[in-house]
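Each chain is listed here by its residues.
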Amino acid sequence: MHAALLAPSLLAGDHANLAASAHAVSSLGISWLHLDLMDARFVPNLTFGPETLAALRRAGSTLFFDTHLMLAEPHRYVEAFAKAGSNLISVHIEPDYDHAATLARIRALGCQNGIVLNPGTPAAAIEHLLPQVDLVLVMTVQPGFGGQPFRRDMLEKLRIIDTWRRERSLNFRLEVDGGIDLVTARECRTAGADTFVAGTSFFRAPDKPAFAAAFAAL
Ligand code: DX5
Ligand code: ZN
C-alpha cells in the first residue's frame, strides 16, 4: 500500500501570487502540488495554462507538479505541459481521443501518467488501461470548480479499482479530488485511496502544519 500523500490544489491558492501559494506548500515539507487546467469546453471554467507552470519553475519551485488536464482535447497539450515542468500529467477518459497512445506519449515525454474519471463514469471505463498507468484519479465532485461537497457515492468506485489493483498486483496510485478534508479523506483511505487532492480545506486551514501532519498519518 502506498503511503498517504497530500497534493494541495493551487486552484484554491492566491491567483495574484501563485508562487507564494506554492511556497506555502513546499515550506511544510509537502512534495506534491496539484494543478487544475480547464479549457471552458470540457468543464465550464477557465484556470491557467502551461506558461503558469513554467513561471513557477522559473520562480524556483521544485514541487512535484501533479497536472490534471480538464481539457476536451488533452492529447494536443501533453507536450506543452511536459516542457513546462509537469512531473505527472493526468487526462480524462470521457473525451474521444486515443487514450492509450496519449498515456504512452506522456511517459515517452519523461512524465508519469494518470487517467481520470468523472463521477458519472463507471470504473469499467478505464479497466483496460490499468496496466499502463501510474495513477488513477477518481473525481469526487463534478470537475470545474473548487469548494463543492464530497460525493460519498464515489467510495464504491474506489473500492472496485483498489480491488483490481490488489488482484492484479498493479502499483498505480489511487487519487481522489474534490471536497476532500480530513473526514472525507479518511473514508477514501479506507476505500483504498492513497493520494489526496485538497484545495479549499488546505488553503483555508488555520493550522497548515497540523493539517499536513494529519494527512501524512492517514
Ligand atoms: C475540481 C478540481 C479540483 C479542485 C478541488 O474541478 O479538479 O482539483 O481544486 O477543490 P476542493 O478541494 O476545494 O474541492
Ligand atoms: Zn483536480
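About the thresholds
- Residues numbered from 1 in each chain as written.
- Chains lettered and ligands numbered in written order.
- Predicted model: local features only at pLDDT ≥ 70, side-chain atom pairs only at ≥ 80, totals over all residues.
- Heavy atoms only, no water.
- Buried < 20%, exposed > 50% of the residue type's maximum accessible area, 1.4 Å probe, protein only.
- Helix = DSSP H or I, 4+ residues; strand = E, 2+ residues; numbered from the N terminus.
- Arc of directions from axis to C-beta.
- Contact = heavy atoms within 4.5 Å.
- Polar contact = N/O pair within 3.5 Å; in protein donor to acceptor, adjacent residues only side chain to side chain.
- Pairing = 2+ DSSP bridges.
- Right-handed = clockwise from strand over helix to strand, strands pointing away.
- Salt bridge = Lys/Arg side-chain N within 4 Å of Asp/Glu carboxyl O.
- Donors = N, O, S within 2.8 Å, 3.2 Å for Na, K, Ca; no water.
- Near = heavy atom within 4 Å.
- Areas by Shrake-Rupley, 256 points an atom, 1.4 Å probe, with all protein chains shown as cover.

(A) Main features of helix H6 (residues 182-190). For H6, the full list of buried residues reads Thr184, Ala185, Cys188 and Arg189. Here the buried residues of H6 occupy an arc of 145° about the axis, which is enough to place them on one side. Of the exposed residues in H6, those oriented more than 90 degrees away from the buried face are Val183 and Thr190. Close packing links the buried residues of H6 with helix H5 (155-167), strand E7 (173-177), strand E8 (195-198) and helix H8 (208-216). One side-chain oxygen of the residue at the start of H6 lies 3.0 Å from the amide nitrogen of Val183, identifying that residue as Asp181. Just downstream of H6 lies Gly192, where phi reads positive at about 120°.

(B) Focus on the environment of Leu11. By the secondary structure assignment, Leu11 is in the loop between strand E1 (5-8) and helix H1 (18-26). Of the residues examined, Leu11 reaches a relative accessible area of 22% and is grouped as partly exposed. On a C-alpha basis, the gap between Leu11 and Met139 in space is 15 Å, while along the polypeptide they are 128 residues apart. In this structure Leu11 touches Asp36, Met38, Thr47 and Gly146, once residues within four positions along its chain are discounted.

(C) Here's a closer look at the pairing of strand E2 (residues 32-38). With 7 of 7 residues buried, E2 lies mostly within the body of the structure. On E2, burial covers both faces: Trp32, His34, Asp36 and Met38 on one face and Leu33, Leu35 and Leu37 on the other are all buried. Here E2 runs beside strand E3 (residues 64-70); their pairing, made up of 7 bridges, is parallel. Looking at E3, one finds that Trp32 is bridged to Phe64. Each parallel crossover has a hand, and for E2 linked through helix H2 (residues 50-58) to E3 it is right-handed.

(D) View of the pairing of strand E6 (residues 135-139). Of all 5 residues that make up E6, 5 are buried, and the element is covered over most of its length. What you see with E6 is no split at all: Leu135, Leu137 and Met139 on one side and Val136 and Val138 on the other are buried throughout. Of the pairings in the sheet, the one linking strand E5 (residues 112-117) to E6 comprises 4 bridges and is parallel in character. Its bridge partner being in E6, Ile115 is matched across the sheet by Val136.

(E) Structural detail: the pattern of salt bridges. Scanning the entire structure with this criterion turns up 14 salt bridges. One salt bridge in this structure joins Glu127 and Arg168, with 2.7 Å as the shortest N-O distance. With Glu127 in the loop between E5 and E6 and Arg168 in the loop between H5 and E7, this residue pair connects regions lying 41 residues apart in the sequence. Looking at Glu127, the relative accessible area reads 27%, which means it is partly exposed. You can call Arg168 partly exposed: its relative accessible area is 37%. Note that Arg152 and Glu187 form a salt bridge whose closest N and O atoms lie 2.6 Å from each other. Residue Arg152 is located in the loop between E6 and H5, and its partner Glu187 is located in helix H6; the two are separated by 35 residues in the primary sequence. According to the relative accessible area criterion, Glu187 is partly exposed, its value standing at 24%. A network of salt bridges, in which partner residues are shared, links Asp162, Arg165, Arg166, Arg173 and Asp194.

(F) Spatial organisation of the coordination of the zinc ion (ligand 2). Within the protein, His34 (NE2), Asp36 (OD), His68 (ND1) and Asp177 (OD) serve as the donor atoms for the zinc ion (ligand 2), at 2.0 to 2.3 Å. The exposure class assigned to Asp36 is buried, which follows from its relative accessible area of 4%. Accessibility expressed as a relative area gives 0% for His68, which makes it buried.

(G) Structural view of the site of ligand 1. Around ligand 1, 20 residues are found, and the nearest of them are Asp36, Gly144, Asp177, Gly179 and Thr200. The separation between an oxygen atom of ligand 1 and a polar side-chain atom of Thr200 is 2.4 Å. A total of 380 Å² of accessible area belongs to ligand 1 in isolation, and the protein chains cover 98% of it. Elements with a minimum of two residues in the shell around ligand 1: E2, E3 and E8.

Spatial relationships are all this shows, so hold off on functional conclusions.
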